[in-house]
Amino acid sequence: MKFTFIDAPQGSDEWLAARKGRITGSKFSTAREKLKSGTLSSKANLYAEDIARERLGGKAESVYVNKAMNFGTEQEPFARAAYETTTGNIVQQVGFAASDCGMYGLSPDGLVGDDGVIEIKTMVSSDTLFTAVVEGDLSKYMDQVNGYLLFLDRKWVDVVLWTPDLGETGLGLVIKRVHRDEKALAELRTDLDSFAAIVRKYESQLRRLAAANIEQLKQAA
């Protein structure tokens, strides 16, 4: 599967338009949510319906962006600069990576050389700080991280854990490198393709209904 980068700043109108109707990296974990029966969770099913609606040209309900999320976005340039200064790596900022099949999309926080990616996570809440930094538990981010490795064919991702208020204590910047795990990548691909099939089914249902309704309205005119 080929991915093409669309040069648009994250959050811009062009970036939002490029994401429309695609399963995006930040939502890979949602797409994989399943019940014990093997069916999608209600959250995952709603996400599939939203994507299907967007693919028909509609607009799903906007996601609320809270103060913490805005703070994380504002902090990304500072975290990126600190990463470059500390590691000596040059980070190439990129836009939105769109798959040629029209189904997937990724928004990495930067590429490093030919092999690496960085993903910046600002530790806004203390719960996140203790989970990711203290316990080293990155499970919350792994589907997104593995998505970069899988679809962009990269060898590693540096997860940049950024805690600006602890900058003078030695915990302001923590870097966790994640390498390829082919088994995990294969499982991710299987689950995402299964989810994509459900999206396509919902999209087909909407298109059939739309065509039938247009015909019915013509006859009623």
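Residues numbered from 1 in each chain as written. Predicted model: local features only at pLDDT ≥ 70, side-chain atom pairs only at ≥ 80, totals over all residues. Heavy atoms only, no water.

### Notes on the overall build of the chain
Here is step 1: The number of helices and strands found in the chain is seven helices and nine strands.
Here is step 2: Reported as C-alpha extents along the three principal axes, the dimensions of the chain are approximately 70 × 35 × 35 Å.
Here is step 3: For the chain, the residues scored as buried account for 42% of the 221 residues in total.
Here is step 4: Within the chain, residue pairs in contact and separated by at least 24 positions form 66% of the contacts whose partners lie at least 6 positions apart.
Here is step 5: In the structure as shown, the chain presents an accessible area of about 12,400 Å², 51% of it carried by carbon and sulfur atoms.
Here is step 6: With 28 positive and 31 negative side-chain charges, the chain shows a spacing of 6 Å between the two charge centroids. (Helix = DSSP H or I, 4+ residues; strand = E, 2+ residues; numbered from the N terminus. Buried < 20%, exposed > 50% of the residue type's maximum accessible area, 1.4 Å probe, protein only. Contact = heavy atoms within 4.5 Å. Areas by Shrake-Rupley, 256 points an atom, 1.4 Å probe, with all protein chains shown as cover. Lys, Arg positive; Asp, Glu negative; His and termini not counted. Charge placed at Lys NZ, Arg CZ, Asp CG, Glu CD.)

### Quick notes on the packing of helix α3 (residues 42–55) against helix α7 (residues 182–220)
Here is step 1: Interhelical geometry of α3 versus α7 gives an angle of 50° and a closest axis separation of 8 Å. Between α3 and α7, the interaxial angle falls into the category oblique. The way α3 lies across α7 gives a crossing that is right-handed. Across the interface between the two elements, Ala44, Asn45, Tyr47, Ala48, Glu49, Ile51, Ala52, Arg53 and Arg55 of α3 pack against Phe195, Ile198, Val199, Tyr202, Glu203, Leu206 and Arg207 of α7.
Here is step 2: Its residues placed into classes, the contact of α3 with α7 shows ten nonpolar, one polar and five charged. (Axes fitted to C-alpha atoms, helices over the stretch in contact; angles between N-to-C directions. Parallel < 35°, antiparallel > 145°, perpendicular 65-115°, else oblique. Left-handed = near helix turned anticlockwise from the far one by under 90°. Nonpolar A, V, L, I, M, F, W, Y, C, P; charged D, E, K, R; others polar.)

### As for the nonpolar core
Soluble globular proteins: nonpolar side chains tend toward being buried together.
Here is step 1: Residues Ile23, Tyr104 and Leu161 are the most contacted members of the largest nonpolar core, which totals 41 residues.
Here is step 2: Of all elements in the fold, only α2 (28–31), α3, β5 (104–106), α5 (126–134), α6 (142–151), β8 (156–162), β9 (173–179) and α7 reach the threshold of two or more residues within this core.
Here is step 3: Apart from residues lying up to four places away in sequence, Leu161 is in contact with Lys121, Met123, Ala132, Val133, Leu138, Tyr141, Gly172, Leu173, Val174 and Lys176.
Here is step 4: Counting ten residues, the second-largest nonpolar core is a separate cluster that includes Ala79, Tyr83, Ile118 and Trp156. (Core = buried A, V, L, I, M, F, W, Y, C linked by side-chain atoms within 4.5 Å.)

### Comments concerning the sheet that holds β5
Here is step 1: The strand order across the open sheet built from four strands is β1-β4-β5-β2, with neighbouring strands paired in mixed fashion. Of all the strands in the sheet, just β1 (3–6) and β2 (23–24) have a single pairing partner and so form its edges. (Pairing = 2+ DSSP bridges.)

### Some details on the pairing of strand β7 (residues 116–122)
Here is step 1: Here β7 lies mainly inside the structure; seven of its seven residues are buried.
Here is step 2: Side chains of β7 alternate between two faces, with Gly116, Ile118, Ile120 and Thr122 and Val117, Glu119 and Lys121 buried alike.
Here is step 3: Here strand β6 (residues 110–112) runs beside β7; their pairing, made up of three bridges, is antiparallel. Opposite Gly110, over in β7, you have Ile118 as the bridge partner.
Here is step 4: Joining the antiparallel neighbours β6 and β7 is a turn of three residues, in which Gly113 adopts a positive phi near 60°.

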